[in-house]
Amino acid sequence: MSATNGTGERRLLQLLNAVRGRGRKGALIQVHNNPDPDAIGSAVGMRELYRRFLGIESRIVFGGIVGRAENRTMLRLLRIEIVPGHKVNYDDTDLLTLVDTQPGSGHTPLPEGRVPEVVIDHHPARRRPRDVLYWDVGRPVGATATLVAQFFTRNRVPMPRDVATALMYGIKSDTNDLSESASEDDISVYQQLFSFGDTAMLAQIENARVPRSYFAVFERAIENALVYDFACVSHLGRIDNPDMVAEMADFLLRCEDLRWTMVTGIYGKTLHLSLRSNAPNAHAGRVSQRTVGVMGTAGGHGRMAGGQVPLADADKKTREEVVMAVTHNFLEAVKAKRTLAHDLVDGALPDETDTEDAPGENGS
């Protein structure tokens, strides 16, 4: 079993030596449920790596849906094929790779007893299963796509334009446009990918067109948003796209004076929640685990985290109690004062009947 260390050159050799001779029976690259650009980009990079160095073809497997417009556009423009997990037979593969997730995370269901051969993830390490052949987890970077891209960049291995573009978007997305959450490695790798990627296509992905229903979710998020001290909480109710909880958490954090946001929503029989923070040393992953407690699973890193609470066939009252419980736990975890609660939008706009011209309204 290989535990990674050292340079990018050594990491690549360790990976190839650990899995050499496998994959002829079939190779799967598994991402977490409702995959984001970091997971998708990392999977595309690993598929190219296996193809180039081992001569094997891999299928990318996912659970849930790809709901966010940017993610669907990414798949379409880069011609990335992904397969629902229920359509594959895990017994037919002798090389299963997890990217941007780990066993036990709660959002990457595998058949009982099936242990992956390879795990690559930038999130804090969980317990490592005994039979994993290659384990590269918990490195101090902002995106798993950075770790995958380093297999190429640190070994001067060229890559196809679509692969580089997928990795670029994965890094950019998971580091919030290479903001303060990005490490030096994230920035360095992203810059190196410019030589291979398609920046025009990247811009198309980032500016994907959205349906009108998309804006209704913004309206609901704002209407339901409550501010407690420096933290904002909003429950979206039932949603048709679980990715919206993360997007709304990002959106609400733009409000001045806020340091934390949590957005929840019910998709199917699961309560999804997403946490965001702009506070230094936020440890959002720990906060998410305290928020969920024993009710479900959660995890994250730095200033971003998420979680799920199974609801089964809970009635409306029980669902409301679960939302109240996670809200209470979240506010306790970030030490926000519940007595300072108010609506996010509380009449702060100027009166529409005011006929006085605003400064600069005429001639500007």
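Structural data are supplied above this passage.
Residues numbered from 1 in each chain as written. Predicted model: local features only at pLDDT ≥ 70, side-chain atom pairs only at ≥ 80, totals over all residues. Heavy atoms only, no water.

Draft legend 1. Representation of unusual backbone geometry within the structure. Unusually for a residue other than glycine, Leu-178 sits at a positive phi of about 55°. Tracing the backbone through its elements, the reader meets Leu-178 in the loop between helix H5 (161–174) and helix H6 (184–193). Of note in the backbone geometry, Ala-312 takes a positive phi value of approximately 50° without being a glycine. With respect to the secondary-structure elements, Ala-312 resides in the loop between strand E13 (304–310) and helix H11 (316–334). Note on Ala-312: relative accessible area 55%, which makes it exposed. (Helix = DSSP H or I, 4+ residues; strand = E, 2+ residues; numbered from the N terminus. Buried < 20%, exposed > 50% of the residue type's maximum accessible area, 1.4 Å probe, protein only.)

Draft legend 2. How the structure looks around the sheet that holds strand E9 (residues 231–238). What the seven strands build is an open sheet, ordered E12-E13-E11-E10-E9-E8-E14; its pairing is mixed. Single-partner strands in this sheet number two, and they are strand E12 (297–301) and strand E14 (341–343). Strand-to-strand twist of the sheet, defined as the mean angle between neighbouring strand axes without regard to direction, takes the value 20°. Note: E9 against strand E10 (residues 260–267), six bridges, orientation parallel. Residue pairing across strands places Ser-234 opposite Val-263, the latter belonging to E10. (Pairing = 2+ DSSP bridges. Axes fitted to C-alpha atoms, helices over the stretch in contact; angles between N-to-C directions.)

Draft legend 3. Geometry of the nonpolar core. Core analysis: the biggest nonpolar cluster contains 52 residues, and Leu-15, Met-46, Tyr-50, Ile-80, Phe-151 and Leu-193 have the highest contact counts within it. In terms of residues, this core owes the most to one element, helix H2 (residues 37–54), which gives eight residues. Setting aside its immediate chain neighbours within four residues, Leu-15 contacts Met-46, Leu-49, Tyr-50, Val-118, Tyr-134 and Phe-151. Core analysis: the next-biggest nonpolar cluster, separate from the first, contains 27 residues, Tyr-228, Leu-275, Val-322 and Leu-331 among them. (Core = buried A, V, L, I, M, F, W, Y, C linked by side-chain atoms within 4.5 Å. Contact = heavy atoms within 4.5 Å.)

Draft legend 4. Structural detail: the side chain of His-32. By secondary structure assignment, the location of His-32 is in the loop between strand E2 (27–30) and H2. For His-32, a relative accessible area of 8% puts it in the buried group.

Draft legend 5. Region of interest: the packing of helix H10 (residues 284–292) against H11. Interaxial distance between H10 and H11 falls to 7 Å at its minimum, and their mutual angle equals 140°. The angle between the axes of H10 and H11 places the two elements in the oblique class. In terms of crossing hand, the pair formed by H10 and H11 is right-handed. Contact residues: H10 offers Val-287, Arg-290 and Thr-291, while H11 offers Val-326, Asn-329, Phe-330, Glu-332, Ala-333 and Val-334. Here the residues of the contact of H10 with H11 are counted per class, giving five nonpolar, two polar and two charged. (Parallel < 35°, antiparallel > 145°, perpendicular 65-115°, else oblique. Left-handed = near helix turned anticlockwise from the far one by under 90°. Nonpolar A, V, L, I, M, F, W, Y, C, P; charged D, E, K, R; others polar.)

Draft legend 6. Molecular detail of the side chain of Thr-101. As for its placement among the helices and strands, Thr-101 is situated in the loop between strand E5 (95–99) and strand E6 (118–121). When neighbours within four sequence positions are excluded, Thr-101 is seen to be in contact with Gln-30, Val-31, His-32, His-107, Thr-108, Val-119, Ile-120 and Asp-121.

Draft legend 7. How the structure looks around the packing of aromatic side chains. On inspection of all chains with the given rule, the structure shows five aromatic pairs. Plain terms: the ring middles of Tyr-190 and Phe-194 are 5.4 Å apart, the flat faces sit at 85° to each other, and that makes the pair edge-to-face. Using a relative accessible area of 7% as the deciding quantity, one classes Tyr-190 as buried. The class of Phe-194 is partly exposed, set by a relative accessible area of 43%. Ring pairing ties together the aromatic residues Tyr-214, Phe-215, Phe-218 and Phe-251, which thus form one cluster. Above the ring of Phe-151, the side-chain terminus of Arg-11 is found at 4.6 Å from the ring centroid. Geometry around Phe-230 places Arg-259 over its ring, the cationic atom sitting 3.9 Å from the centre. (Phe/Tyr/Trp six-rings, centres within 6.5 Å; stacked < 30°, edge-to-face > 60°. Lys NZ or Arg CZ within 6 Å of the ring centre and 35° of its normal.)

Draft legend 8. Fine view of the pairing of E2. Of the two faces of E2, both are covered, the one formed by Ala-27 and Ile-29 as well as the one formed by Leu-28 and Gln-30. Judged from the four bridges that link them, E2 and strand E3 (residues 58–62) form a sheet pairing that is parallel. Among the inter-strand pairings, Gln-30 is bridged to a residue of E3, identified as Val-61. The handedness of the E2 to E3 crossover, carried by H2, is right-handed. Where E2 and E5 come together, four bridges link them in parallel fashion. For Ala-27, the partnering residue across the bridge sits in E5 and is Leu-95. (Right-handed = clockwise from strand over helix to strand, strands pointing away.)

Draft legend 9. Representation of the pattern of salt bridges in the model. Taken as a whole and judged by the stated rule, the model has 12 salt bridges. For Asp-185, the salt bridge identified is with Arg-154, shortest N-O distance 3.4 Å. One end of the pair, Asp-185, is in helix H6; the other, Arg-154, is in the loop between helix H4 (144–153) and H5, and 31 residues separate them in sequence. Its relative accessible area of 34% is what places Arg-154 among the partly exposed residues. Linking Lys-269 and Asp-313 is a salt bridge whose minimum nitrogen-to-oxygen distance equals 2.9 Å. You can see Lys-269 sitting in the loop between E10 and strand E11 (270–277) and its partner Asp-313 sitting in the loop between E13 and H11, a full 44 residues away along the chain. (Salt bridge = Lys/Arg side-chain N within 4 Å of Asp/Glu carboxyl O.)

That's the geometry; what it means functionally is another story.
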